[in-house]
Amino acid sequence: MVTLAEVAQHAGVSASTVSYVLSGKRSISATTRQRVERSIRELGYHPNAGARALASSRSNIIALMIPLRTDMYVPVMMEIAIAVATCARTHGYDVLLLTGEEGPDAVRRVAGSGLADGMILMDVELDDERLPLLRATDQPSVLIGLPADTTGLTCVDLDFRATGALCVEHLAKQGHQDIAVIGEAPAVYERHTGFAERTLDGLRSRSRELGVRLLHRPCDGGYDAMAVTLARILDERPGTSGIIVQNESAVEPLLALLRQQGRAVPEDMSVVAICPDQVATQASVRLTSVAIPAQEMGRHAVEHLVAKLEGRGRDEVVLIAPELTVRTSTGPAPSRS
């Protein structure tokens, strides 16, 4: 391990001068700074993280709070987490991953311990119990998700309300008048998770405007749960000709059940999904879909947090516009006999 003293000797300066170059706490001439930086590169010196944090009151760590629940599609969550970690590294930050369902306790622990310089929170609920603490602390934070009240917060998310509206519009233009929505697991709605509630709001609002009948049913995912949900939908609304799915775990079971019932996609039933492109393109029928922009969400969150840490950020809401990609799973509504 190369020491600070060895860097100082190599550069021909004092150890305190090297420390000032690293911390930026004192003005150093350009020539001296360049000489020290060259010695750091040539020797491969890496400052001790603990000592650096003590000296600068900064840890160069971002805490990412991402509760891993069994009713959420973990691959999407982890794709966002990887995007956060990758982008954070380009700005000189490492990421501390907090996966427990600790709620306000996790915010209190990070804010009170100096573990991290800032926080990014995921799995945001409309009335998230973490928000009062976030608003009360001076520590910079960004939400990936939208609560009901965004006052005093910085939030980044896909515009899920517009996403729901876009899905309904696509099917309505194809002549579908009876549309079913296969949603997330019931627990997601019981927690009033923001993305699910906002999607549903967009679906319902646009359906009313277009005069389309809409039926929403949550689903736990998996074949058995999907079989029960689909049977219930077709019993309540036998004229259903379009389905919107916001539940990655239900996609393939749904397509399998439709095949078993002799319902061709899209001739008898059109299907639109809100899911990652990988899920849509690798399904047994290539799905018309609105993609979850995980990379963009993670990058925006980090960039807004870094701006706050550098004193140039402000509270704002960033909504990413949805894009619908038409594939082979949607077509004109079947003629009614």
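For the protein, an unreviewed UniProt entry supplies the name LacI family DNA-binding transcriptional regulator and the organism Streptomyces olindensis.

J.: What is the right way to look at the overall build of the protein in this model?
T.: For the protein, the helix and strand inventory stands at 14 helices and 12 strands. Principal-axis analysis of the C-alpha atoms gives the protein an extent of 90 × 40 × 35 Å. Buried positions account for 50% of the 337 residues belonging to the protein. For the protein, the accessible surface area stands at approximately 15700 Å², while carbon and sulfur atoms represent 50% of it. In the protein, 34 side chains carry a positive charge and 41 a negative one; their mean positions are 5 Å apart.

J.: When you look at the pairing of strand S9 (residues 270–274) in this model, what are you seeing that I'm missing?
T.: In summary, the side chains of a regular strand alternate between the two faces of the sheet. For S9, the tally of buried residues reaches 5 of 5 residues, placing the bulk of the element in the interior. Taking every second residue as pointing to the same face, both faces of S9 are buried, with Ser 270, Val 272 and Ile 274 on one and Val 271 and Ala 273 on the other. Across 4 bridges, the pairing between strand S8 (residues 242–245) and S9 is parallel. The residue bridging Ile 244 from the neighbouring strand is Val 272, located in S9. With helix H12 (residues 248–260) bridging S8 and its parallel neighbour S9, the resulting β-α-β unit is right-handed. In this structure, S9 lies alongside strand S10 (residues 288–290), joined through 3 bridges in parallel fashion. Pairing of Ile 274 across the sheet is with Val 290, part of S10. What joins S9 to S10 is helix H13 (residues 277–282), and the crossover it makes is right-handed.

J.: Which parts of the structure should I look at to understand the packing of aromatic side chains?
T.: Pairs of aromatic rings are described using the distance from one ring centre to the other and the angle between the two planes. A complete count under the given rule lists 1 aromatic pair for this structure. Seen from their ring centres, Phe 160 and Phe 195 are 5.5 Å apart, and the 50° between their planes marks the pair as tilted. Highlighted residues: Phe 160 in helix H8 (residues 160–173) and Phe 195 in helix H10 (residues 194–210), separated in sequence by 35 residues. Accessibility classification places Phe 160 together with Phe 195 in one group, the buried group.

J.: Explain the domain arrangement of the protein to me, please; I cannot follow it from the model alone.
T.: Many analyses report the size of an interface as the accessible area lost when the parts associate. Taken as a whole, the protein is organised into domain 1 (4–47), domain 2 (61–158 + 294–320) and domain 3 (160–292). If you average the C-alpha positions of domain 1 and of domain 2, the two centres end up 34 Å apart.

J.: How should the environment of Ser 19 be read in this particular structure?
T.: Position of Ser 19 relative to the elements: it lies in helix H2 (residues 15–23). Along the sequence, Ser 19 and Leu 4 sit 15 residues apart, while their C-alpha atoms lie 7.8 Å from each other.

J.: Just checking my understanding: could you explain H10 for this structure?
T.: Residues separated by three or four positions in an α-helix point in the same direction, a consequence of the helix having 3.6 residues per turn. Between its terminal C-alpha atoms H10 stretches 24 Å, which fits the 24 Å expected from 17 residues at 1.5 Å a residue. Residues of H10 that are buried: Gly 194, Phe 195, Ala 196, Glu 197, Arg 198, Thr 199, Leu 200, Gly 202, Leu 203 and Ser 207. Against the buried residues of H10 lie H8, strand S6 (178–183), helix H9 (186–190), strand S7 (213–218), S8 and S9. Where H10 terminates, the next one or two residues include Gly 211, which has phi positive at roughly 70°.

J.: Looking at this structure, I do not really get the side chain of Lys 308. What am I missing?
T.: By the element assignment, Lys 308 lies in helix H14 (residues 294–309). A polar atom in the side chain of Lys 308 sits 3.0 Å from the side chain of Thr 154. In contact with Lys 308, other than residues within four places in its own chain, are Pro 140, Ser 141, Thr 154, Gly 313, Arg 314 and Asp 315.

J.: Help me out: how do you make sense of the sheet that holds strand S11 (residues 317–320) in this one?
T.: By way of backbone hydrogen bonds, the strands of a sheet pair with one another, either parallel or antiparallel. Judged by pairing direction, the sheet is parallel, and its 6 strands sit side by side in the order S2-S1-S3-S4-S5-S11 without closing on themselves. The sheet terminates laterally at strand S2 (94–98) and S11, the two strands that pair on one side only. Neighbouring strand axes in the sheet, compared pairwise and without regard to direction, differ in orientation by 20° on average. Here strand S4 (residues 141–144) pairs with strand S5 (residues 155–158) via 2 bridges, running parallel. Directly across from Leu 143, in S5, lies its bridge partner Cys 155. In the packing of helix H5 (residues 74–90) onto the sheet, contacts are made with strand S1 (61–65), S2, strand S3 (118–121) and S4, and the angle to S2 comes to roughly 155°. Across the sheet, H14 is in contact with S1, S3, S4, S5 and S11; its angle to S4 comes to roughly 165°.

J.: Got a minute to help me understand the packing of H8 against H10 in this structure?
T.: Two quantities define a packed helix pair, namely the angle between the helix axes and the distance between the axes. Two elements in contact, H8 and H10, have axes whose closest approach is 6 Å; the angle formed by their N-to-C orientations is 40°. Classified by the angle between their axes, H8 and H10 sit oblique to one another. Considering only the axes of H8 and H10, their crossing is right-handed. For the pair H8 and H10, contact is made by Phe 160, Arg 161, Gly 164, Ala 165, Val 168, Glu 169 and Ala 172 and by Phe 195, Arg 198, Thr 199, Asp 201, Gly 202, Leu 203, Arg 206, Ser 207 and Leu 210, respectively. Partitioning the contact of H8 with H10 into residue classes produces 7 nonpolar, 4 polar and 5 charged.

Conventions and cut-offs
Residues numbered from 1 in each chain as written. Predicted model: local features only at pLDDT ≥ 70, side-chain atom pairs only at ≥ 80, totals over all residues. Heavy atoms only, no water. Helix = DSSP H or I, 4+ residues; strand = E, 2+ residues; numbered from the N terminus. Buried < 20%, exposed > 50% of the residue type's maximum accessible area, 1.4 Å probe, protein only. Areas by Shrake-Rupley, 256 points an atom, 1.4 Å probe, with all protein chains shown as cover. Lys, Arg positive; Asp, Glu negative; His and termini not counted. Charge placed at Lys NZ, Arg CZ, Asp CG, Glu CD. Pairing = 2+ DSSP bridges. Right-handed = clockwise from strand over helix to strand, strands pointing away. Phe/Tyr/Trp six-rings, centres within 6.5 Å; stacked < 30°, edge-to-face > 60°. Domains from an automatic or database assignment. Expected span 1.5 Å × (residues − 1). Contact = heavy atoms within 4.5 Å. Polar contact = N/O pair within 3.5 Å; in protein donor to acceptor, adjacent residues only side chain to side chain. Axes fitted to C-alpha atoms, helices over the stretch in contact; angles between N-to-C directions. Parallel < 35°, antiparallel > 145°, perpendicular 65-115°, else oblique. Left-handed = near helix turned anticlockwise from the far one by under 90°. Nonpolar A, V, L, I, M, F, W, Y, C, P; charged D, E, K, R; others polar.

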